[in-house]
Amino acid sequence: PTTRIRAARAARTPGTLSSTTTQSRIAARMRVVGYVGASHNGPNQRQRLLDEGAFAVIDDLSQLPDLLMPPPVQAEPARA
């Protein structure tokens, strides 16, 4: 639990996501979403984040809620 708390606090720290940070969050069993929508990201940033263990990489922050929210559960038809 302590590792997860420290990782969560680090997640709130703005800045570039380094390899060490990504690996630490994964080790703490946190899901890592990479973001490559900033102008300073290089052409290989998406693949690098995936290689380091990010479960998804987005280029627009509007994509984030879809990754964080579970899919809606469809109700089964009522039995008569």
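The model shown is predicted, which means the values in this text are computed figures rather than measured ones.

Parameters and conventions
- Residues numbered from 1 in each chain as written.
- Predicted model: local features only at pLDDT ≥ 70, side-chain atom pairs only at ≥ 80, totals over all residues.
- Heavy atoms only, no water.
- Helix = DSSP H or I, 4+ residues; strand = E, 2+ residues; numbered from the N terminus.
- Buried < 20%, exposed > 50% of the residue type's maximum accessible area, 1.4 Å probe, protein only.
- Contact = heavy atoms within 4.5 Å.
- Areas by Shrake-Rupley, 256 points an atom, 1.4 Å probe, with all protein chains shown as cover.
- Core = buried A, V, L, I, M, F, W, Y, C linked by side-chain atoms within 4.5 Å.
- pLDDT = per-residue confidence, 0-100.
- Salt bridge = Lys/Arg side-chain N within 4 Å of Asp/Glu carboxyl O.

K.L.:
Account for the overall build of the protein chain, naming residues and giving values.
P.N.:
When helices and strands are tallied, the protein chain shows four helices and two strands. Put simply, the protein chain runs from its N terminus to its C terminus through helices and strands in the order α-α-β-α-β-α. Put simply, the protein chain has 80 residues, and 20% of those count as buried. Look at the contacts in the protein chain between residues 6 or more apart in sequence, and 40% of them connect residues 24 or more apart. Counting only carbon and sulfur atoms, one obtains 54% of the accessible surface of the protein chain, whose full area is about 6,500 Å².

K.L.:
Got a sec to walk through the nonpolar core? Specific residues and values, please.
P.N.:
Formed by Val32, Val36, Leu49, Ala54 and Val57, the largest nonpolar core amounts to five residues. Not counting residues within four places of it along the chain, the set of residues in contact with valine 36 comprises Asn41, Gln45, Arg46, Leu49, Val57, Ile58 and Asp59.

K.L.:
Give a detailed account of the confidence of the model for the protein chain, specifying residues and quantitative values.
P.N.:
Residues at a pLDDT of 70 or more form 74% of the protein chain, whose mean pLDDT is 75. Mean pLDDT in the protein chain bottoms out at helix 1 (residues 2-11), which sits at 61, and peaks at strand 2 (residues 56-58), which reaches 88.

K.L.:
Which residues make up the pattern of salt bridges, and what values go with them?
P.N.:
Think of it this way: side chains of opposite charge can pair up when their charged atoms draw near. In total, this model carries two salt bridges according to the counting rule given. Here arginine 46 and aspartate 59 are joined by a salt bridge, their closest N and O atoms 3.7 Å apart. Within this pair, whereas arginine 46 is found in helix 3 (residues 45-51), its partner aspartate 59 is found in the loop between strand 2 and helix 4 (64-68), the two being separated by 13 residues in sequence. One salt bridge in this structure joins glutamate 52 and arginine 48, with 2.6 Å as the shortest N-O distance. We classify arginine 48 as partly exposed; its relative accessible area is 28%.

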